[in-house]
Amino acid sequence: MPEPGYLTLHRRGELIERAEKLERLLSPCRLCPWECGAERTSGHPGRCRSTNQLKVSSTNLHFGEEPPISGQRGSGTIFLTNCTLRCLFCQNYPISQMGNGVEMGAQELADEMVALQKKGAHNINLVTPTHWTAHIVRALSIAADRGLTVPLVWNTSGYERVETLRLLEGIVDIYLPDLKYGDDANALSLSGCENYFSTATVAISEMFRQVGLLEVDSEGIGVKGLIVRHMVLPQNLSGTPGVLSWIRENLGSEVSVALMNQYFPAWKAASSPPLDKPLSSEEYALQRETFFSLGFNNGWVQE
Ligand code: SF4
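Residues numbered from 1 in each chain as written. Predicted model: local features only at pLDDT ≥ 70, side-chain atom pairs only at ≥ 80, totals over all residues. Heavy atoms only, no water.

Thoughts on the site of the ligand
Phase 1: Taken together, C29, C32, W34, E35, C36, R40, G46, R47, C48 and H131 form the complete shell of residues around the ligand.
Phase 2: Taking a 2 Å distance to the grid points as the criterion, the majority of the atoms of the ligand fall inside the largest cavity. (Near = heavy atom within 4 Å. 1 Å grid on protein atoms, 1.4 Å probe; cavity = no way out; pocket = protein on both sides within 12 Å on 5 of 7 lines; lining within 4 Å. Sits in = over half its atoms within 2 Å of the grid points.)

Structure, rendered in structure tokens:
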């Protein structure tokens with residue numbers, strides 16, 4: 001198995017340099033596309049409700065990700081607290097919107113990474129990492145000294161700033177972004193973000209430039225590359241044909257795409273029709289046909 005990129009950078013001393021550069025973006029904060037300018041190191045939270053104090057909700061082996069991510073032994077999943085988006089149907093809302101989690105330092109986060117590897121994790125899977133990018137890279141530089149060797153997965157909403165992503169080049173092995181909407185209008189009403197599609201598509205193009213198509217080892221476990229996720233919403237609020245067409249036109253038919261059907265009305269969706277009902281099997285089947293008609297050769301659809 002090829003060595004994860006962060007180990008190569010660490011040997012050259014570049015991982016700590018990247019952590020320092022990212023830490024300089026924390027105050028005024030310009031880590032994510034909001035560029036809200038919060039003075040986080042002085043204790044002021046940004047639009048993502050995050051100060052400089054890292055918070056982590058949970059760390060565990062997760063078996064429900066795509067097969068190259070979960071494998072047989074599980075993905076070493078670290079759920080980070082808060083989020084840069086405000087999706088009213090978020091299934092992780094206690095973590096993303098209500099701030100559930102415990103405060104942690106970089107040393108402790110590094111310990112958690114190494115502990116997950118010792119439990120057999122195929123990778124370290126950082127869920128909603130964007131606003132904690134600087135803290136994560138700092139922790140990674142410590143974990144690399146302590147023997148971390150598994151690939152790093154960046155499991156993100158897709159709402160990422162390209163300048164920040166460039167500082168992750170060679171550090172992240174597998175990008176696992178959502179592309180949630182096919183236009184900016186629904187992203188504004190459902191996730192409170194007026195430029196989601198235009199920003200996420202640029203970000204995903206940058207991710208693809210960095211890591212390319214998904215590569216797996218002899219056991220089918222991902223070592224490098226891009227997987228784009230898209231969850232179909234009721235009444236096509238997700239703009240699924242537009243999402244899939246953009247992927248096909250800009251990333252090609254060989255890119256790995258996960259078309260997900262697990263929508264259910266969580267958080268504020270229960271009082272927000274038409275999101276107050278689960279996705280019907282007919283609605284999902286329609287979008288699955290779109291997926292196949294566009295000629296995607298790699299990825300996952302659900303029955
Ligand atoms: S990461 Fe948070 S604090 Fe930083 S720019 Fe984005 S919303 Fe603002």
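So, the environment of S280
Phase 1: Relative to the elements of secondary structure, S280 occurs in the loop between β9 (256–260) and α11 (281–293).
Phase 2: For the pair S280 and Y6, spaced 274 residues apart in sequence, the C-alpha to C-alpha distance is 42 Å. (Helix = DSSP H or I, 4+ residues; strand = E, 2+ residues; numbered from the N terminus.)

Considerations on helix α8 (residues 184–191)
Phase 1: If you check which residues of α8 are buried, you get N186, A187, L190 and S191. Each buried residue of α8 lies within a common arc of 105° when the element is viewed along its axis, so the set occupies one face.
Phase 2: At its buried positions, α8 is contacted by α9 (196–211).
Phase 3: Between the side-chain oxygen of the N-cap and the backbone nitrogen of A185 there are 2.9 Å, and the N-cap of α8 in question is D183.
Phase 4: Of the residues flanking the end of α8, it is G192, one or two places downstream, whose phi is positive at about 65°. (Buried < 20%, exposed > 50% of the residue type's maximum accessible area, 1.4 Å probe, protein only. Arc of directions from axis to C-beta. Contact = heavy atoms within 4.5 Å. Polar contact = N/O pair within 3.5 Å; in protein donor to acceptor, adjacent residues only side chain to side chain.)

Regarding the pattern of salt bridges
Phase 1: Tallied over the entire structure, the rule returns 12 salt bridges.
Phase 2: With a shortest N-O distance of 3.3 Å, R12 and E14 are connected by a salt bridge.
Phase 3: Between R146 and D111 there is a salt bridge, with its nearest N and O atoms 2.2 Å apart. In this pair, R146 is assigned in the loop between α6 (133–145) and β5 (152–156) and D111 in helix α5 (residues 106–118), connecting sequence segments 35 residues apart.
Phase 4: Using a relative accessible area of 36% as the deciding quantity, one classes R146 as partly exposed. (Salt bridge = Lys/Arg side-chain N within 4 Å of Asp/Glu carboxyl O.)

Structural notes on empty space enclosed by the protein
Phase 1: Applying the stated criterion to the full structure yields 1 cavity of 30 Å³ or more.
Phase 2: Computed from the structure, the largest cavity encloses a volume of approximately 90 Å³.
Phase 3: As for the largest cavity, its lining consists of 13 residues, of which C29, C32, C36, R40 and C48 are closest to the centre.
Phase 4: Of the residues belonging to the lining of the largest cavity, the class tally is 6 nonpolar, 3 polar and 4 charged. (Points joined across faces, edges and corners; volume = space filled by probe spheres on them. Nonpolar A, V, L, I, M, F, W, Y, C, P; charged D, E, K, R; others polar.)

Structural notes on a positive patch on the surface
Phase 1: On the surface, R47, R49, R86 and K268 cluster together into a patch of positive charge.
Phase 2: Locating R47 in the fold gives a position in the loop between α2 (14–24) and β1 (55–62).
Phase 3: Judged by relative accessible area, which is 31%, R47 ranks as partly exposed. (Patch = residues over 30% accessible without salt bridge, like charges linked within 9 Å, V, L, I, M, F, W, Y side chains within 5 Å. Areas by Shrake-Rupley, 256 points an atom, 1.4 Å probe, with all protein chains shown as cover. Lys, Arg positive; Asp, Glu negative; His and termini not counted. Charge placed at Lys NZ, Arg CZ, Asp CG, Glu CD.)

Structural notes on unusual backbone geometry
Phase 1: Here the amide bond leading from S27 into P28 is cis, since omega sits at -10°, within 30 degrees of zero.
Phase 2: Relative to the assigned elements, P28 resides in the loop between α2 and β1.
Phase 3: Of note in the backbone geometry, E35 takes a positive phi value of approximately 45° without being a glycine.
Phase 4: Along the chain, E35 falls in the loop between α2 and β1.
Phase 5: Residue classification places E35 among the partly exposed residues on the basis of a relative accessible area of 41%.
Phase 6: In this structure, Q235 is a non-glycine residue whose phi angle is positive, near 50°.
Phase 7: Mapping Q235 onto the fold places it in the loop between β8 (222–231) and α10 (240–251).

Geometric values such as these leave the question of function open.
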